[in-house]
Amino acid sequence: MIKLVESGVTQSIVPMRYFAAEAAHRDGQATDALFLTFNADLAFLESRLLDLCRTAGSRVTVVADADVWAPDVRCVTRAGLRYHVGLVATGGAFHPKISLLVGPKRALAVVGSGNLGMGGWQHNAELATVLTADLQAAPRAMADLRDLLGTLANRRELDLTSAEAINRVVNQLTGLLESTAEVVDTGHRLAASWDGALIEQLPTHPVDELLLTAAFHDPDSAAVAALLGRLQPKRLQVAIQQGWTMVDPMALERVLTSYATATGAAVTVVRDPEVRRYRHGKLIEWALGSSRAALTGSPNLTRMALLRSAPEGNFEVGILADLTESLFPGGTAIEQVAAVPVRSTIAPRPHAGDRPVATSAVLTGGNLTLRLARVTTDVEVQFSRYTDPDAWQRLVSVTAGLGEIVLPSDLCGGDRLRLVWSDEDGNAQTSAAVFVTDPFTAQRRPTEHGRPSRIKEASPSDLWGEDLSFLESLLDELAAVSAELAEPKAPPAARPMGAPIARTTPETKMEPWLWLQNRALERLGPGIGPYLFGLPPLPKGRRELTPNWTDDQGMEGQTDTEPEVDQEHTDEQNEESVEVETAEADHSQSWPQIRKARRRWCVRAAEAARTLPAQYRLLGTGA
Amino acid sequence: MASSHVTGAAANVTRMPSGLIKGPAWIAPDTGRFVGQNPLAVGRHVTAQTRKFAIAATSTTFHARYYSLHGLVAAESRDRGLSQSEQIDLLRRCEVVLGGISIAHRECHPGMLHIHGINAIRTSLDSRGELFLPILAGQGAGRYTKRRWGFRDYYAAAETATGLVHWREGLLVPGPGLNAKAVREGLCGLVELARHERLDLATLQAHSELCICRMAGSADGRALRDRLLAEGADPMSWEGRSAQTIRLLLRLLDLHGGGTGELQDDLGPFLLFDPVASRDETLASLDATSAWKGLVLRDISVRAWHRLWEWLVDQIDGAMPVERLGEALADALPTGSLARYIQGLPERLTGSGPDGLMLPAEELVTRDQGRTLPDRCLATLMLGAKRMDELPTRVAAYFEDPGSEGRSRLRPGWVRAQIQEWSDRPLREFAAFLAAQMASRAQQIALTKARFNESTGLYEVPSGVSIHDGLAIRDSSDWTIDVWFRWNAIVRILAGVGLTDQVDGQWQVTEEGRLV
């Protein structure tokens, strides 16, 4: 793991940098990437993270909450094919936010408040802690993480594929912690609500100061009241982000006034100075004397998050740490708390928690294992093929009460399933779609695939994605071609009269050139071959990952290309806006390491081309 | 203290070395936004096709004579074996001289005042009474443009597409469509003038035949006109498509009695709905007519999506639950089922079969002030989708292109499929669905457009509306730009070669233009 000397709370965290740094090692040591999240934006995962993880060598698994699961299927092209998604349907919410990338040499974990999505990774004001470990040293908190994952993997709420992925992570962390030269206690501790209510992790003695901020409060501010009862602060500040924080101001004021009246404590509600960025981070910070510490992570200031353990409460993960300076956003005191415009318009989903849901769908052999939850009424399972996200057909009917069904199926990875049923009023209701996982492609490490077969399975989007192992595989394949050509050929054996000639030339009347080209296509597979030769796509056995139903059709390689407008008033002041004809291909969406690697690959490919037969030297003419 | 609070660890706890753990800390501020344009990206098909048919000019090509100038520089450079720096110097000097002559002669062409580099060149003429070429054409202070290749970039796309000038190994070279002899004849003396260090006003005025307004009657003007009209070209070739578009524009402009402002706003509906245009034999004989009809019709849907999205974005005050977007749209629409709503839309055709003419149903709903803006937009989109089955094959092929658009959302074909799916259900529910689809598509497009910033390690995403954590969050107004057909740009270039003219702000076809 690259050591990033970025300690200290005043420096902000860029979670993506850590994943890019791991991918930049180019040794493919990582075995598993695991994302535990409440909301999951798979479009974000696929466009920004997935290839980094796979370049690092890992399988990818996402475990998310079933009740807020609402993927836009047109933005998801690789679920079930390159990664697995498992959903958790529970009494509370599945709410942890942990992103992990682990291997035998290095491990990385981001524990925080941000969900898997642009909001959680960049747009919002989120709190995060990054743990890194390698063979030289590992933080003790990594052992905490290993332990809480170990208990999570045994929860019955998880599907088998997700549980296996978590267990692999646990084993990998165990191995790394045993191998590392030193386990360092940094003072950080991790705790999970499935091992006990998180409030139990907090001090039981009075503190001087308590500082609170979270995106969500209880309607009756019960969690704040419980925190006051436990920590008994002499001073209290609660930050509210105007227009954003989900809180009942009157309930909060009631709790705070009651506490202040009873204890004489100084109690203040402040207006968060951040007005544009959604503060989604959760902070319970306390001070005693000159020391300061905090609980951060996933729990909001709610009963379900803090006061209860899962599954009666939410699945949450918090991290406790000493602080060198406060993380509290501060702000100006609010005189009339009840008058502060806050967010109270988002009611919990009316049917969350009582609707039938499919939580995973996995192919095993010729069978489909479909895991269900809350099937309190008869439902119909419908499927849509990968190739058509809008065309839903009946698969099977399921009677109320079933939790899992196994049935023979010709579905493939990437196909979708949903449940359809009638509500009490006879109206048709549908669940969100889940993606069928093909473990052969979704739960195998990129490096486990034989390299020739890997390139044979690849599509053009794979080749120019950020998973550079596809480019490596292509180069390996070309090197193999060169090596075969260079091998000394045994003289042909004497052929008995009338014996058939070994087929080294086309049997048909096909042009020799076409025959050679076909051989090359066979070697490179139906996805890459035609693309590189500039030929129409061929039918292929496995899934094509460049579907025609996404919204970014025709946008590959383009940035913010827009229609022209009449620049009647164009002058020298805005000359720079004119596009020049010699513009280079756009790689602006890629990390610098990826760009450098691609350039290096091009140099090597050009070098390798000198030893290739003619038909291979034409590769790229169509790309 | 804190460690005992947090961990209960003993006093010999190893303190945190740098690197093992970072945080807890706030993640980096998301400061990298750039101005987002067309977040729905629904105009790509029309834009792409427009660029296949209208290649003779772009938004930055103002004067036909620069086509000749760049051709002359390419030919001269080739003949003299100039290096890149020498070619750049020649090009810049020629552009300065052409600009100087045109400014000196500007009173004779009040409609062609936008001369490239006018600020610096006019300043030089006004203050010094002459052009001092080493400074003006140089790359330092006082230069006529900071662009190294002068204004060639403004013309590059059109000059390349028309085969006049190509780019090869870092140099401009004559293209197969360049009539070098005619260019040399038409711009005779320009290169010689460009060699001077100083050119006074009298000298510039004495060479008014090189002015941008004098091209039509010159050899280079005739050559360019021939090139643009491409007599006998295959209609499906680029020359043919471009030439047919030019002929279509000239005919439309003539039938319409001229045009002002954005020509596509007047001539487009005229082409689609006016019986005069529909029955015109000249237009009917052009293959490009069907294509442009399809594109104009599609553009109506594109604009409806733009206006609808703008309206939706306006409903967001900072942040709003995504579901509320749909509710807001539903509140602005009538009650009843989708089928009933569609039944209430105006007639789309008069008659039936091949003789049926399109009626301006879209114009009627757009002008219907009894409808809310979202209602007008939705009605337009429904009309577009319903027209899919009524269009002649060639028009339909340009109305929607499965090849480039695939089966993405918000196409007319997608809308048509949704009509079938939602027909019997309440319009309110359909509105909620539609709003969610638009929001999802906008998010997908924004992710696709995001670009990486090396210095921050963050992705810069287009500003506008972002959707995360169940909220639609607006950080600026989205900027939608309607598709520009380049019709004004083409008509402007045609004026340079004498086929159109601008009189009192109105574009008209010249007598010569009527003859093509």
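Just so it is clear, the model here is predicted, and its values are computed rather than measured.

(A) The overall build of chain B, seen in detail. For chain B, the count of helices and strands is 26 helices and 15 strands. By principal-axis analysis of the C-alpha atoms, chain B measures approximately 85 × 85 × 40 Å. Total accessible area computed for chain B in this model is approximately 19700 Å², and 49% of it derives from carbon and sulfur atoms. For chain B, the distance from the average site of its 58 positive side-chain charges to the average site of its 61 negative ones is 4 Å.

(B) Looking closely at the overall build of chain A. In terms of helices and strands, chain A carries 15 helices and 24 strands. Within chain A, buried positions represent 58% of all 623 residues. Taking all contacts inside chain A whose residues are at least 6 apart in sequence as the whole, residues at least 24 apart take part in 75%.

(C) Representation of empty space enclosed by the protein within the structure. All names here are of chain A. Taken as a whole and assessed by the stated rule, the structure comprises eight cavities of 30 Å³ or more. Lining the largest cavity are 20 residues, and of these S99, V110, G114, G120 and W121 lie nearest its centre. Of all elements in the fold, only β1 (32-36), β4 (98-102), β5 (106-112), α3 (118-123) and β6 (127-134) reach the threshold of two or more residues within the lining of the largest cavity. Counting residues per element, the lining of the largest cavity draws most heavily on β5, at three residues.

(D) Inspection of the nonpolar core at higher detail. Core analysis: the biggest nonpolar cluster contains 147 residues, and W292, W305 and M382 of chain B have the highest contact counts within it. When residues of this core are assigned to their parent elements, the largest contribution, 14 residues, is made by helix α16 (residues 287-314) of chain B. Among residues more than four places away in sequence, those in contact with M382 of chain B are L338, Y341, I342, L345, V415, I419 and F430 of chain B. By size, the runner-up hydrophobic cluster in this structure holds 71 residues, among which are A43, C53, A89 and L116 of chain A.

(E) Highlighting the sheet that holds strand β2 (residues 33-34) of chain B. All names here are of chain B. Pairing within the open sheet is mixed, and its three strands lie in the order β2-β11-β10. Strands at the two margins of the open sheet, each flanked by one partner only, are β2 and β10 (451-453). Of the pairings in the sheet, the one linking β2 to strand β11 (residues 458-462) comprises two bridges and is parallel in character. Across the sheet, the residue bridging to F34 is P462, located in β11.

(F) View of the environment of C94 of chain B. Residue and element names in this part refer to chain B. Counting through the fold element by element, C94 comes out in helix α4 (residues 84-104). Owing to a relative accessible area of 1%, C94 belongs among the buried residues under this scheme. Linking C94 and M358, residues 264 residues apart in sequence, is a C-alpha distance of 51 Å. Excluding residues that lie within four positions of it along the chain, C94 makes contacts with L69, V73, L190, V191 and A194.

(G) Region of interest: the packing of helix α4 (residues 140-153) of chain A against helix α5 (residues 160-179) of chain A. All names here are of chain A. For the pair α4 and α5, interaxial distance at closest approach is 9 Å and the crossing angle is 150°. Here α5 runs roughly antiparallel to α4, going by the angle between their axes. Crossing of α4 against α5: the hand is left-handed. Touching M142, A143, R146, L149, G150, L152 and A153 of α4 are A163, I166, N167, V169, V170, L173, T174 and L177, all from α5. When its residues are assigned to classes, the contact of α4 with α5 shows eleven nonpolar, three polar and one charged.

(H) Focus on the side chain of E126 of chain A. For E126 of chain A, the location among the structural elements is in the loop between α3 and β6. Among buried charged residues, E126 of chain A stands out as having no salt bridge; its nearest opposite-charge side chain is K282 of chain A, 5.6 Å away. If sequence neighbours within four positions are ignored, E126 of chain A has contacts with S113, G114, G119, G120, H280 and G281 of chain A together with A25, W26 and I27 of chain B.

(I) View of the pattern of salt bridges. Residues and elements named next belong to chain B. Taken as a whole and judged by the stated rule, the model has 57 salt bridges over all chains. A salt bridge links E130 to R128; the nearest nitrogen and oxygen atoms lie 3.7 Å apart. The class for E130 is buried, based on a relative accessible area of 16%. The exposure class of R128 is partly exposed, given its relative accessible area of 45%. The partner of D280 in a salt bridge is R251, with the nearest N and O atoms 2.7 Å apart. Of this pair, D280 sits in the loop between α14 (275-278) and α15 (281-285) while R251 sits in helix α12 (residues 238-256), placing them 29 residues apart in sequence. Here the residues in one salt-bridge network are E76, R78, D79, R80 and R184, joined through shared partners.

(J) Just the confidence of the model for chain A, in detail. Residues and elements named next belong to chain A. Mean pLDDT over chain A stands at 83; residues scoring 70 or higher make up 76%. Here residues 1-9 is a poorly scored stretch, pLDDT under 50, and it has 28 contacts once near neighbours within four places are set aside; other chains count. Confidence over residues 488-508 falls short of pLDDT 50; this stretch has six contacts with residues more than four positions distant or in other chains.

(K) Spatial organisation of helix α25 (residues 487-496) of chain B. All names here are of chain B. Counting buried positions over the ten residues of α25 gives ten, a clear majority of the element. Buried residues of α25: W487, N488, A489, I490, V491, R492, I493, L494, A495 and G496, and no others. Following α25 by one or two positions, G498 adopts a phi angle in the positive range, close to 85°.

(L) Spotlight on the sheet that holds strand β13 (residues 283-288) of chain A. Residue and element names in this part refer to chain A. With respect to topology, eight strands assemble into an open sheet ordered β9-β15-β14-β13-β10-β11-β12-β16, the strand pairing being mixed. Since the sheet does not close on itself, it has two edges, and those belong to β9 (189-192) and β16 (332-333), each with one partner. Here β9 runs beside strand β15 (residues 317-322); their pairing, made up of four bridges, is antiparallel. Across the sheet, the residue bridging to A191 is G318, located in β15. Sheet strands touched by α4: β9 and β15. Its angle to β9, the strand with the most contacts, is close to 15°.

(M) Local environment of the pairing of strand β2 (residues 59-65) of chain A. Residue and element names in this part refer to chain A. For β2, a buried count of seven out of seven residues is recorded, marking the element as mostly surrounded by other parts of the structure. Of the strand pairs in this sheet, β1 and β2 are connected by five bridges, and their pairing is parallel. Counted as the bridge partner of A33 is V60 from β2. Following the chain from β1 across helix α2 (residues 42-55) to the adjacent parallel β2, one finds a crossover that is right-handed. Here β2 pairs with strand β3 (residues 84-88) via five bridges, running parallel. For A64, the partnering residue across the bridge sits in β3 and is L87.

(N) Region of interest: the packing of aromatic side chains. All names here are of chain B. For the structure shown, the criterion picks out 23 aromatic pairs over all chains. On the numbers, 5.2 Å between centres and 65° between planes, the contact of W292 with W487 is edge-to-face. Of this pair, W292 sits in helix α16 while W487 sits in helix α25, and the two are 195 residues apart along the sequence. Classification of W292 as buried rests on a relative accessible area of 0%. Residue W487 is classed as buried on the basis of its relative accessible area, which comes to 1%.

(O) Structural detail: α4 of chain B. In a regular helix each residue adds 1.5 Å, so 21 residues correspond to 30 Å; α4 of chain B covers 30 Å between its end C-alpha atoms and thus fits that length. The buried fraction of α4 of chain B is high, at 16 of 21 residues.

(P) Focus on the packing of α12 of chain B against helix α13 (residues 263-273) of chain B. Residue and element names in this part refer to chain B. Interhelical geometry of α12 versus α13 gives an angle of 85° and a closest axis separation of 10 Å. Here α12 lies roughly perpendicular to α13, going by the angle between them. When α12 is examined against α13, the residues L249, L252, L253, L255 and H256 are found in contact with a partner set consisting of L263, D266, L267, F270 and L271. Tallied by class, residues from the contact of α12 with α13 come to eight nonpolar, one polar and one charged.

(Q) Just the confidence of the model for chain B, in detail. All names here are of chain B. With 94% of its residues at a pLDDT of 70 or more, chain B has an overall mean of 90. Residue range residues 1-18 is modelled with pLDDT below 50. Its contacts to residues more than four positions away, or to other chains, number 44 contacts. Confidence estimates for the predicted assembly give a pTM of 0.80 and an ipTM of 0.81.

Reading guide: rules and limits
Residues numbered from 1 in each chain as written. Chains lettered and ligands numbered in written order. Predicted model: local features only at pLDDT ≥ 70, side-chain atom pairs only at ≥ 80, totals over all residues. Heavy atoms only, no water. Helix = DSSP H or I, 4+ residues; strand = E, 2+ residues; numbered from the N terminus. Areas by Shrake-Rupley, 256 points an atom, 1.4 Å probe, with all protein chains shown as cover. Lys, Arg positive; Asp, Glu negative; His and termini not counted. Charge placed at Lys NZ, Arg CZ, Asp CG, Glu CD. Buried < 20%, exposed > 50% of the residue type's maximum accessible area, 1.4 Å probe, protein only. Contact = heavy atoms within 4.5 Å. 1 Å grid on protein atoms, 1.4 Å probe; cavity = no way out; pocket = protein on both sides within 12 Å on 5 of 7 lines; lining within 4 Å. Points joined across faces, edges and corners; volume = space filled by probe spheres on them. Core = buried A, V, L, I, M, F, W, Y, C linked by side-chain atoms within 4.5 Å. Pairing = 2+ DSSP bridges. Axes fitted to C-alpha atoms, helices over the stretch in contact; angles between N-to-C directions. Parallel < 35°, antiparallel > 145°, perpendicular 65-115°, else oblique. Left-handed = near helix turned anticlockwise from the far one by under 90°. Nonpolar A, V, L, I, M, F, W, Y, C, P; charged D, E, K, R; others polar. Salt bridge = Lys/Arg side-chain N within 4 Å of Asp/Glu carboxyl O. pLDDT = per-residue confidence, 0-100. Right-handed = clockwise from strand over helix to strand, strands pointing away. Phe/Tyr/Trp six-rings, centres within 6.5 Å; stacked < 30°, edge-to-face > 60°. Expected span 1.5 Å × (residues − 1).

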